[in-house]
Amino acid sequence: DPVAEDEAEDPVAEDEDTTDEDTTVVDPEEPEDEVTEDVVVEENLPEMSGTIYDLVLSTSGDKALEDTSSPTYLAFKWMSLEDTSYTTSILSNENELITRYSLAATYYAFLDRTRRLEADGTDVSRHLNMLKSNWMSDIDHCKWHGIKCKNGCVTEMTLHKYGLTGSIPDELSQLTCLEVLNLGSNKLEGSIPDSFYTLSNLEKLYLNDNKLSGSISNDVGALTNLENMYLGENKLSGSIPDTVTNMKSLIYFSLLSNKITGEVPIFPTQIQYLDLGSNQLEGTLPEMFSNYRNLGVLYLDHNAFHGTIPDGYGTMGNKKLQTLYLNNNTLTGTLPLTFGGIWILSIRTEGNDITINDKTCKLLVLTGNGELLELGADCGKCDCEDLCDGDKCY
């Protein structure tokens, strides 16, 4: 018997007195189970010391550095461990170092929390809709997409429709040469940081069509070089600060479709375009606009204004008024006859209790009285019978 022969040749089997336990026969062809140990990979962490650390600490503070998912920490880590070649070459240039750090922190801030954590992996360049951009590469940051510089100082950041998420970081205020900032049509949330209003060189600001909330700081009056300010289609609340009157360069201003309350403050007299439509503004229509000689477009529609339309509104813009939307308020009375002589004019008063005189309907360039391009009114209050169709007046 083959099994018996194997047992006979086994020295343990021959000496039965050596053990009281049964002997287990193992098939030599059956491999034993391998014992594996989990391999722990230690994360490479930046040294919390040195030039970069000191710069980040003085710029953003220690609390931001303590949060390892914060834009501050991720930017610090990137410069310390991944951007070593370029960062090392500019260690002696503090201004350039601050600029690169501020842009890196801005990059990470424009990711939501989950994507920021994902970006803390091996390939951060694949994130954002800057996904196809060259941000976070080892080239000069002045050559990153949407960035323009003068003498090494960032003067323009244009990331319109980039699919940005997250919030506006304080570090953005370190770009002190910034003249143009366009972050419009993204998905940015949170409030506009107070530090933002220290960008004294800013001339054009586009934050429209996002999800920004909170109020506009009184510090907005410090932006005395700002010409264009578009904050429309957000979730901003509170009142318009009285300090807007200090914005002596302001020409275009839009707060369209927010949740702004209160009355309209005094705007700079040089303003040409003002859109405060679709908010919760109240009070009477501001008389001051009657004397604004440059005002060509004024939207005050879809608010809670009451009272009558000031007679001076017909002469605002020094007869250069092009668009006046007063519709969907609680206004009463008659549209002033002083609008005659304005060359190109679109007027909307529907959704009020405003009567339109037939002389307004006869504005025509050929008669020297200007031309009415658009008239929105409630037909029951409009004498322009030839312009009415059903319950609408055109």
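Residues numbered from 1 in each chain as written. Predicted model: local features only at pLDDT ≥ 70, side-chain atom pairs only at ≥ 80, totals over all residues. Heavy atoms only, no water.

A. Region of the structure containing the state of the cysteines. Applying the stated criterion across every chain yields a total of two disulfides. Note that Cys-142 is cross-linked by a disulfide to Cys-149, the S-S spacing being 2.2 Å. Its S-S torsion of approximately -95° makes the covalent link between Cys-142 and Cys-149 left-handed. Owing to a relative accessible area of 25%, Cys-149 belongs among the partly exposed residues under this scheme. (Disulfide = S-S within 2.5 Å. Buried < 20%, exposed > 50% of the residue type's maximum accessible area, 1.4 Å probe, protein only.)

B. Spatial organisation of the nonpolar core. Within the largest apolar cluster, 93 residues are counted, with the highest numbers of intra-cluster contacts made by Met-157, Phe-196, Phe-267, Leu-276, Phe-289 and Tyr-313. For this core, the secondary structure elements donating two or more residues are helix 3 (51-60), helix 5 (71-82), helix 7 (94-109), strand 2 (153-158), strand 17 (344-348) and strand 19 (371-378). Sort the elements by how many residues they give to this core and helix 7 lands first, with eight residues. Ignoring anything within four residues of it in the chain, the contact list for Leu-276 reads Ile-240, Phe-253, Leu-255, Val-264, Phe-267, Leu-281, Tyr-299, Leu-300 and Asn-303. (Core = buried A, V, L, I, M, F, W, Y, C linked by side-chain atoms within 4.5 Å. Helix = DSSP H or I, 4+ residues; strand = E, 2+ residues; numbered from the N terminus. Contact = heavy atoms within 4.5 Å.)

C. Molecular detail of the pairing of strand 8 (residues 235-238). Bridge analysis of strand 6 (residues 211-214) against strand 8 gives two bridges, and the strand direction is parallel. Residue pairing for strand 8: Ser-213 is matched across the bridge by Lys-235. Alignment of strand 8 against strand 10 (residues 259-262), held across two bridges, turns out to be parallel. Paired with Ser-237 across the strands is Lys-259, a residue of strand 10. (Pairing = 2+ DSSP bridges.)

D. Representation of the environment of Ser-80. Turning to its location among the elements, Ser-80 is positioned in helix 5. In the structure, Ser-80 is positioned 35 residues away from Leu-45 in sequence and 8.9 Å away in space, judged by C-alpha atoms. The residues touching Ser-80, leaving out its near neighbours within four places in the chain, are Pro-46 and Ile-52. Separated by 2.8 Å, the side chain of Ser-80 and the backbone oxygen of Phe-76 make a polar contact. (Polar contact = N/O pair within 3.5 Å; in protein donor to acceptor, adjacent residues only side chain to side chain.)

E. Examining the pairing of strand 1 (residues 147-150) more closely. As defined by bridge partners, strand 1 adjoins strand 2 across four bridges and the pair is classed as antiparallel. Directly across from Lys-150, in strand 2, lies its bridge partner Cys-153. Remark: two residues form the turn of the hairpin made by strand 1 and strand 2, two consecutive strands paired antiparallel; Asn-151 in that turn has positive phi of roughly 55°.

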